[in-house]
Amino acid sequence: KKDQTHNVTLDVIGSKPNQVRMEVSATLGVSLASLVIDEDQIAYAIHPQKKYFSGLVSDLALKPLFQIELNPKYLMNVFFDRAIPEKNWSCTMGVDQLVEKCERLSDGLSIDWRERKGEQKRVVIKSSDFEVQVLVKDFTTKVELNSKTFSLDIPQGYKAYKFRQ
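Residues numbered from 1 in each chain as written. Predicted model: local features only at pLDDT ≥ 70, side-chain atom pairs only at ≥ 80, totals over all residues. Heavy atoms only, no water.

> Explain the state of the cysteines here, please?
One pass over the structure, following the stated rule, counts 1 disulfide. Each disulfide pairs two cysteine sulfurs, and for cysteine 91 the partner residue is cysteine 102, the sulfurs being separated by 2.1 Å. The S-S bond linking cysteine 91 to cysteine 102 shows a torsion near 115 degrees; that makes this disulfide right-handed. Here cysteine 91 is found in strand S6 (residues 89-93), whereas its partner cysteine 102 is found in strand S7 (residues 99-104), with 11 residues between them in sequence. Given the relative accessible area of 25%, cysteine 91 is considered partly exposed. (Disulfide = S-S within 2.5 Å. Helix = DSSP H or I, 4+ residues; strand = E, 2+ residues; numbered from the N terminus. Buried < 20%, exposed > 50% of the residue type's maximum accessible area, 1.4 Å probe, protein only.)

> Sorry if this is basic, but what is going on with helix H2 (residues 73-80) here?
Because the α-helix completes a turn every 3.6 residues, residues three or four places apart line up on one side. Summarising burial for H2: 7 of the 8 residues are buried, a large majority. Looking at H2, one finds that the buried residues are Tyr74, Leu75, Met76, Asn77, Val78, Phe79 and Phe80. Positive phi appears at aspartate 81, one or two residues downstream of H2, with a value of about 55 degrees.

> Just to check I follow, could you spell out unusual backbone geometry for this structure?
Backbone phi values are negative for most residues with the exception of glycine, while trans is the configuration of most peptide bonds. Here glutamate 39, not a glycine, exhibits a phi torsion of approximately 60 degrees, which is positive. The residue glutamate 39 is located in the loop between strand S3 (31-38) and strand S4 (41-46) in this model. Although it is not a glycine, aspartate 81 adopts a positive phi angle of roughly 55 degrees. Along the chain, aspartate 81 turns up in the loop between H2 and S6. The partly exposed category is assigned to aspartate 81, whose relative accessible area is 25%.

> Could you clarify how one ought to interpret the pairing of strand S2 (residues 19-25) in this entry?
Along any regular strand the residues' side chains alternate between the sheet's two faces. Among the 7 residues in S2, 5 count as buried, and that is most of the element. Relative to S2, strand S1 (residues 9-15) runs antiparallel, the two being bridged by 7 bridges. Counted as the bridge partner of leucine 10 is valine 24 from S2. In textbook terms, the turn of a hairpin is the stretch between consecutive antiparallel strands, and for S1 and S2 this stretch comprises 3 residues. Sheet topology places S2 next to S3; 7 bridges connect them, and they run antiparallel. Across the sheet, glutamine 19 pairs through a bridge with aspartate 38, a residue of S3. Where S2 folds back onto S3 in an antiparallel hairpin, the turn is made up of 5 residues, including leucine 28, whose phi is positive at roughly 65 degrees. (Pairing = 2+ DSSP bridges.)

> Before we go on, may I ask you to explain the nonpolar core in this structure?
Most often, soluble globular proteins have nonpolar side chains that are buried together. Leu35, Ile42, Tyr44, Leu70, Ile111 and Ile125 are the most contacted members of the largest nonpolar core, which totals 35 residues. At the level of elements, S2, S3, S4, H2, S7, strand S8 (110-117), strand S9 (120-126) and strand S10 (131-136) are the ones that each hand at least two residues to this core. In terms of residues, this core owes the most to one element, H2, which gives 6 residues. With sequence-adjacent residues up to four places away left out, leucine 70 is seen in contact with Ser58, Asp59, Leu62, Leu75, Leu109, Ile125 and Phe130. (Core = buried A, V, L, I, M, F, W, Y, C linked by side-chain atoms within 4.5 Å. Contact = heavy atoms within 4.5 Å.)

> Which parts of the structure should I look at to understand the pattern of salt bridges?
Proximity of charged atoms lets side chains of opposite charge pair with each other. All chains considered together, the criterion is met by 10 salt bridges. Between aspartate 112 and arginine 114 there is a salt bridge, and its shortest N-O distance comes to 3.2 Å. One salt-bridge network, in which partners are shared between bridges, spans Asp59, Arg104 and Asp107. (Salt bridge = Lys/Arg side-chain N within 4 Å of Asp/Glu carboxyl O.)

> Would you explain the sheet that holds S9 in this entry?
Across a sheet, paired strands are connected by hydrogen bonds in the backbone, their directions being either parallel or antiparallel. Here 5 strands make up an open sheet; going across it, the order is S6-S7-S8-S9-S10 and the pairing antiparallel. The open sheet has two edge strands with one neighbour each: S6 and S10. Between one strand and the next, the sheet's axes are offset by a mean angle of 15 degrees, whatever the strand orientation. Of the strand pairs in this sheet, S8 and S9 are connected by 6 bridges, and their pairing is antiparallel. Following the sheet pairing, serine 110 is matched in S9 by lysine 126. Along the sheet, H2 makes contact with S6, S7, S8, S9 and S10, crossing S9 at roughly 150 degrees. (Axes fitted to C-alpha atoms, helices over the stretch in contact; angles between N-to-C directions.)

Right, dumping it as structure tokens:
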């Protein structure tokens, strides 16, 4: 595999403890996907391919969207500044009592919170197969949360796929 770089913009709306909605766009604002995580469920629509995926979160859940094996529940930890409480993870806290780094002992997957300036931060998620950098810039929202914010219906004309468990 050649090293590849893909830049996308994530517009994220979150509600603690376990709900996130992301609108994924490419250069010039081209809409690529809509994604919702609610507790242990994930659903997303990949707009250019007209495909809709849903099921339980797992390491393979983001593969059709980002071509990486990363459990989307770890994104909750990234956005909400939480250590990963699972037994095969080791996390360190900074002097400010915010999570600084988490590493999965079984395979070296790491999440590293860097360059904190107030609510802004850079988070690097790294494994032997990929590196993802998340730059959090702005925490303001112009969206009013309602019952549909964290749900995603199958768009008309999209082919639906269920994750196997």
